[in-house]
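Fold and geometry: a report
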Amino acid sequence: MSGLTQIGDGVWAFVRPSGGWGEANTGLIVAPGTASMVVDTVWDTAWAKRVAEVQQPLVAHAPITEAVNTHSDGDHWWGNDTLPSSTRITTSRAALAGMHEDLPPAALGALAGIGGVLGALPGPVGAAGAYVARVRGGARFPRRTPRLPDRTFDTRDIIDIGDRRIELERLGPCHTAGDLVAHVPDAGVVFAGDLLFIGSTPILWHGPMENWFSALERLISWDAATYVPGHGPLCGHAEIRALRDYWAWVNDAGRDRHRAGRSPLQAARELVRSPEFRQWREWESPERLVLSLSTLFDQWNGNPPGPPAIRRRARAFADAETLLREGIL
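Residues numbered from 1 in each chain as written. Predicted model: local features only at pLDDT ≥ 70, side-chain atom pairs only at ≥ 80, totals over all residues. Heavy atoms only, no water.

This paragraph deals with a nonpolar patch on the surface. Where nonpolar side chains cluster on the molecular surface, the patch consists of Ile114, Leu118, Leu121 and Val125 and spans about 330 Å² of accessible area. Note on placement: leucine 121 falls in the loop between helix H3 (105-118) and helix H4 (123-136). Take leucine 121: its relative accessible area is 41%, and that puts it in the partly exposed class. (Patch = residues over 30% accessible without salt bridge, like charges linked within 9 Å, V, L, I, M, F, W, Y side chains within 5 Å. Areas by Shrake-Rupley, 256 points an atom, 1.4 Å probe, with all protein chains shown as cover. Salt bridge = Lys/Arg side-chain N within 4 Å of Asp/Glu carboxyl O. Helix = DSSP H or I, 4+ residues; strand = E, 2+ residues; numbered from the N terminus. Buried < 20%, exposed > 50% of the residue type's maximum accessible area, 1.4 Å probe, protein only.)

Roughly 1,000 Å³ of volume is contained in the largest pocket. In this structure, the largest pocket is lined by 42 residues; those nearest its centre are Asp102, Leu103, Leu108, Arg313 and Phe317. At the level of secondary structure, the elements contributing two or more residues to the lining of the largest pocket comprise helix H2 (93-101), H3, H4, strand E11 (189-197) and helix H9 (310-326). Taken together, the residues of the lining of the largest pocket break down into 25 nonpolar, 10 polar and seven charged. (1 Å grid on protein atoms, 1.4 Å probe; cavity = no way out; pocket = protein on both sides within 12 Å on 5 of 7 lines; lining within 4 Å. Points joined across faces, edges and corners; volume = space filled by probe spheres on them. Nonpolar A, V, L, I, M, F, W, Y, C, P; charged D, E, K, R; others polar.)

Turning to the pattern of salt bridges, a few remarks are in order. Inspection of every chain in the model, using the stated rule, returns 18 salt bridges. With its nearest N and O atoms 3.0 Å apart, the salt bridge here joins arginine 88 to glutamate 66. Of this pair, arginine 88 sits in strand E6 (residues 88-92) while glutamate 66 sits in strand E5 (residues 64-68), placing them 22 residues apart in sequence. For arginine 88, a relative accessible area of 31% corresponds to the partly exposed category. In this structure, arginine 259 and aspartate 256 form a salt bridge, with 3.9 Å as the shortest nitrogen-oxygen distance. Linking arginine 259 with aspartate 256, this pair stays in helix H6 (residues 237-259), spanning three residues, or about one helical turn.

It is worth spelling out the pairing of strand E1 (residues 4-8) at this point. Within a regular strand, the side chains alternate between the two sheet faces. Alignment of E1 against strand E2 (residues 11-14), held across four bridges, turns out to be antiparallel. Within E2, the position partnered with leucine 4 by the bridge is phenylalanine 14. (Pairing = 2+ DSSP bridges.)

Strands sit in the order E1-E2-E3-E4-E5-E6-E7 across an open sheet of seven strands; the sheet is mixed. Two strands in the sheet have a free side with no partner beyond their single neighbour: E1 and strand E7 (151-153). Mean inter-strand twist for the sheet, computed between neighbouring axes without regard to direction, equals 25 degrees. Of the pairings in the sheet, the one linking E5 to E6 comprises three bridges and is parallel in character. Across the sheet, alanine 67 pairs through a bridge with isoleucine 89, a residue of E6. Along the sheet, H2 makes contact with E6 and E7, crossing E6 at roughly 100 degrees. (Axes fitted to C-alpha atoms, helices over the stretch in contact; angles between N-to-C directions. Contact = heavy atoms within 4.5 Å.)

Turning to empty space enclosed by the protein, a few remarks are in order. In the structure shown here, the tally under the stated rule is two cavities of 30 Å³ or more. Of the voids in this model, the largest cavity is the one considered here, and its volume is about 90 Å³. Around the largest cavity sit 13 residues that line it, and Val38, Asp40, Thr41, Val51 and Thr82 are the ones nearest its centre. Those elements giving two or more residues to the lining of the largest cavity turn out to be strand E3 (26-31) and helix H1 (45-54). Among the elements that line the lining of the largest cavity, the one with the most residues is H1, at three residues.

Ranked by size, the top nonpolar core spans 62 residues in total, and within it Leu196, Trp212, Leu219, Tyr227, Trp247, Leu289 and Leu291 carry the most contacts. If we skip the residues at most four places from it in the chain, leucine 219 touches Leu171, Val181, Val190, Ala192, Leu195, Leu196, Tyr227 and Ile240. Listed in part, the 22 residues of the second largest apolar core include Val11, Val15, Val189 and Val228. (Core = buried A, V, L, I, M, F, W, Y, C linked by side-chain atoms within 4.5 Å.)

Below, the structure is given as structure tokens:
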């Protein structure tokens, strides 16, 4: 299957290099002859089944006994029903709370379907609807809410499979409230979830931004040979630093526009036209800049970090679609 890559002794990543909406990477860690762990599942039912099928030969003598979901976004756990029923699924306590709070797949699928129709309308309603349909793309969502994790932790945890130790650490709230990473020390591999978007524009849904900077420093401190991002190709320290540079620019340039009284959309228009943006223009979905500005502006307005309310998310989606329709990206 395209996308399957061995990245260490008994460690594989299932990579979708473009890293677009829903194109999440997953992983498999095998203790030969003993047991295996899956890191994340995907929301597209067809892709989730393909991943499950292709890993069968790899786990024939090491059944999947453990799984980890790195955070609450559906594209990282809505494929949980493809795991063996006996598999124990772990996530952070904050991520599990987010899974309960987010829209279930049936509801998001219905909104995307309606959005495809509303997209023909002018104005923010049509733009928001069109962008929701864009987020789903061609993915087929599960018809019912998939199996939720049955085990949680707060800050750090260790799971052993055979003689292998996997270290889990929650570094959020950043992208979402409960972002966690899975470190496989004996293989020099870190599964970073959506704390890393490589060649793909990241999204700050929750914040604060300062936490994301700290998380990137923590990732670099492990000095791993291979980092598996939530979206985009495998990477090393150089790519992590490039992401840090992007966030530093967004944070500083965005704050300047906020102080000048710009809206998130007005700020995004100015930023994507600036010379500094050229180095990131080719990243997947560059319009997602305005989604992060929406979060930052909300916090700079004095509101505490938290998941976006439906109204703010809809407004941000409308702004993202507007940027695309204006043809400035």
